[in-house]
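Structure assessment
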Amino acid sequence: MISAAPILDSSKVSKDDLHPMLRRYVDDLDRTLSAGFPAEERRVLVDEAIFVLDLLVNEKLVLGATVEEAVSYALATFGSQTGIANAHLEGKFESKPSSPLIQYIGRANAIALGYLGIGTLLTMILLQIRIYMPGGDALRMPFTPAQVRSVLPDPLPFPQTSPLFYLTLACAVVLPFVLGWMIGRQVPVRAGSAVYRSLSPLILASFLFGCGLLPNTEGLLFAIWQLIFWLPVAALCAYLSSTLVRNAVPRPKF
Amino acid sequence: MKDSTKPVKDEGFGFAGAQTVILAILLEKERHAYDIAREIRRLSEDRLPVHFGTLYPTLYRMERDGLIASTVEQPVGERQRRTYCLTDKGHAEAVRSRMAWNNFATAMNKIVNRGEEPI
């Protein structure tokens, strides 16, 4: 495919003799695979990719296509290097031995559900404590309720400023960033989707929990907050960290 | 109006469909990934699209579930490639899924085509 011969025998050519487009493809594939495969396994996968590409190129060459046309056909048929690398990474990740339950829901989903479930539970516990055991001294603010009212008129509540309030607020705001990032570091492919699939049932659970807290509305506000803030932020952070992990791994030579 | 003689390209046939097809193809003999993809295209007369990006995760999953086993082969002077074959469990599943598919296809054919020749 690589070489100058009209019908290519990839088995006999080294990676350096590949057609430039194929070489670039194989290098990219190799680099992306290095995020999840040791050198020996990667060598098999890259070899197989070249083997398949070679056969696809030959399919076209025997029909009279030019080498350029045949290579383009082979690359288009085999799929993008990122897609193939992700298919291997995801396949290996999801096929690790695990319990039937984890196999059923998917390993990536299980990891995301674990992290986000703990985050949701922690925030719910803080909300419960805030509502049913509102202990702790309120923090002193540098202005009086009357001064606040002059800026924020009557229907708006004077904010409660206890340490517990700030802890709950911090959890609700910071957790999706932290948890999304941690999920992305463990799930090599489609981490954002795993967050989406796991957080959706958790939001439903938060909504039901919020209904249980009525007439206090903080639980329902948390469910809405998860929907409009946790979901996009955690999914984005998971996607970014997963991408960074895949791209940060240097490609060892073999 | 659509040309009814033109092969209908599906968007894909999902994991369950892909698994059934792969089991049926491996029932004959062991094959590597390219061989499996080529057989799917050939036997379906290019009606079933084959994406290697879907094929590989399906093969990993089937191997995890014990339906197939893989070995890395390197014929002399050739590149390494992974070859897949059915396990005993995979063999039984191939037979079962074939019967299930035939039942389903027969039922659907009776309903959709009402005894007429399929288009």
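Up top is the structure.
In this report, the structure presented in the accompanying data block is examined. (Residues numbered from 1 in each chain as written. Chains lettered and ligands numbered in written order. Predicted model: local features only at pLDDT ≥ 70, side-chain atom pairs only at ≥ 80, totals over all residues.)

Here we come to the overall build of chain A. Counting its regular elements, chain A contains 10 helices and zero strands. Listed by position from the N terminus, the elements making up chain A come as α-α-α-α-α-α-α-α-α-α. Of all 254 residues assigned to chain A, the portion counted as buried reaches 37%. Partitioning the intrachain contacts of chain A with sequence separation of at least 6 by distance along the chain shows that 69% fall at a separation of at least 24. (Helix = DSSP H or I, 4+ residues; strand = E, 2+ residues; numbered from the N terminus. Buried ≥ 20, exposed ≤ 12 C-beta atoms within 10 Å, placed from the backbone. Contact = placed C-beta atoms within 7 Å.)

Let's shift gears to the interface of chain B and chain A. Facing the 18 residues of chain B at the interface are 21 residues of chain A. The element best represented in the side of chain B that touches chain A is helix H3 (residues 52-64) of chain B, accounting for eight residues. Tallied by class, the residues present in the side of chain B that touches chain A amount to seven nonpolar, four polar and seven charged. (Nonpolar A, V, L, I, M, F, W, Y, C, P; charged D, E, K, R; others polar.)

The next thing to look at is the nonpolar core. Residue and element names in this part refer to chain A. Residues Ala112, Ile183, Val195 and Ala234 are the most contacted members of the largest nonpolar core, which totals 76 residues. For this core, the domains that each give at least three residues are domain 1 (10-94) and domain 2 (100-248). Among all residues touching valine 195, those that are not within four sequence positions of it are Ala112, Leu116, Gly180, Ile183, Ala234, Ala235 and Ala238. (Core = buried A, V, L, I, M, F, W, Y, C linked by C-beta atoms within 7 Å. Domains from an automatic or database assignment.)

Turning next to the packing of helix H6 (residues 107-132) of chain A against helix H8 (residues 163-186) of chain A. Residue and element names in this part refer to chain A. Running from amino to carboxyl end, H6 crosses H8 at an angle of 175°, the nearest separation of the two axes being 9 Å. Classified by the interaxial angle, the pair formed by H6 and H8 is roughly antiparallel. The segment H6 lies against H8, with Ile111, Ala112, Tyr115, Leu116, Gly119, Leu122, Thr123, Leu126, Leu127, Ile129 and Arg130 engaging Leu164, Phe165, Leu167, Thr168, Cys171, Ala172, Leu175, Leu179, Met182, Ile183 and Gln186. The class makeup of the residues in the contact of H6 with H8 is 17 nonpolar, four polar and one charged. (Axes fitted to C-alpha atoms, helices over the stretch in contact; angles between N-to-C directions. Parallel < 35°, antiparallel > 145°, perpendicular 65-115°, else oblique.)

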